[in-house]
Amino acid sequence: QKEVEQNSGPLSVPEGAIASLNCTYSDRGSQSFFWYRQYSGKSPELIMFIYSNGDKEDGRFTAQLNKASQYVSLLIRDSQPSDSATYLCAGGGPSGGGADGLTFGKGTHLIIQP
Amino acid sequence: KAGVTQTPRYLIKTRGQQVTLSCSPISGHRSVSWYQQTPGQGLQFLFEYFSETQRNKGNFPGRFSGRQFSNSRSEMNVSTLELGDSALYLCASTGTSSDTQYFGPGTRLTVL
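Residues numbered from 1 in each chain as written. Chains lettered and ligands numbered in written order. Predicted model: local features only at pLDDT ≥ 70, side-chain atom pairs only at ≥ 80, totals over all residues. Heavy atoms only, no water.

### Considering the layout of surface pockets
Okay, so step 1: Taken as a whole, the largest pocket encloses approximately 680 Å³ of empty space.
Okay, so step 2: Taken together, the elements giving at least two residues each to the lining of the largest pocket come down to β1 (4-6) and β10 (103-104) of chain A together with β5 (42-50) and β6 (53-57) of chain B.
Okay, so step 3: A class-by-class count of the residues in the lining of the largest pocket yields 6 nonpolar, 11 polar and 6 charged.
Okay, so step 4: Reported here for the second largest pocket is a volume of approximately 380 Å³.
Okay, so step 5: Along its surface, the second largest pocket is lined by 16 residues, and Q38 and T86 of chain A together with Q37, T38 and P39 of chain B are the ones closest to its centre.
Okay, so step 6: Elements that contribute at least two residues to the lining of the second largest pocket include exactly β9 (85-91) of chain A together with β4 (31-38) and β5 of chain B.
Okay, so step 7: At 3 residues, β9 of chain A tops the list of elements feeding residues into the lining of the second largest pocket.
Okay, so step 8: Taken together, the residues of the lining of the second largest pocket break down into 6 nonpolar, 7 polar and 3 charged. (1 Å grid on protein atoms, 1.4 Å probe; cavity = no way out; pocket = protein on both sides within 12 Å on 5 of 7 lines; lining within 4 Å. Points joined across faces, edges and corners; volume = space filled by probe spheres on them. Helix = DSSP H or I, 4+ residues; strand = E, 2+ residues; numbered from the N terminus. Nonpolar A, V, L, I, M, F, W, Y, C, P; charged D, E, K, R; others polar.)

Okay, structure coming up:
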């Protein structure tokens, strides 16, 4: 059974610091990985996606993928109070194209302290 | 470009009833996926449709079903509702050339 594991937190980070969120996955067939942000009472919002080993940067966000270790991470630089949310890590399937559905972790609750 | 829309946003039903939820994907997207989100189980994949065909299904009982229309709009149906079906039901659409899924606002279903 495919699994994505995340530390549920809460992870408390001071404003302006770097927040580091991690997840591990069990399915070596997963080709793509996603980070979503979800505010309380709202639907998930896509933050980053990554397909290849290494780092991918987008503004204050950096996603890191290590397929050998089956490990995905998200770094948030210069954390802001508005970054306080639950961050969901998800793995895609081997087929791609959305057909396989995403396997989600249960999310890490991030709190940015002003 | 308009995002994914879902209707209704909130529903209250009683046990034993059935419910139909609707989802309109982003214009040009032909793949629609459905997920159930509960505090205990998190986000779980229900099924995915592409060009009116179900391509994949998660581990849910047959009470959960869906369909997709020629305009890519999708509906999901839950029959014989149980208390445990209370959840946020999310629809996501995917473009043809990627597997990046964009979520709608969700339908909050409460079963009494």
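### A closer look at the state of the cysteines
Okay, so step 1: The tally for this structure, following the rule as stated, stands at 2 disulfides over all chains.
Okay, so step 2: The side chain of C23 of chain A participates in a disulfide bridge whose partner is C89 of chain A; the two sulfur atoms lie 2.0 Å from each other. Of this pair, C23 of chain A sits in strand β3 (residues 19-25) while C89 of chain A is found in strand β9, placing the two residues 66 residues apart along the sequence.
Okay, so step 3: For C89 of chain A, a relative accessible area of 1% puts it in the buried group.
Okay, so step 4: Note on cysteine connectivity: C23 of chain B is disulfide-linked to C91 of chain B, with sulfurs 1.7 Å apart. The chirality of the disulfide connecting C23 of chain B with C91 of chain B is left-handed, given an S-S dihedral of about -45°. Remark: C91 of chain B occurs in strand β9 (residues 87-94) and C23 of chain B occurs in strand β3 (residues 19-24); sequence separation between them is 68 residues. (Disulfide = S-S within 2.5 Å. Buried < 20%, exposed > 50% of the residue type's maximum accessible area, 1.4 Å probe, protein only.)

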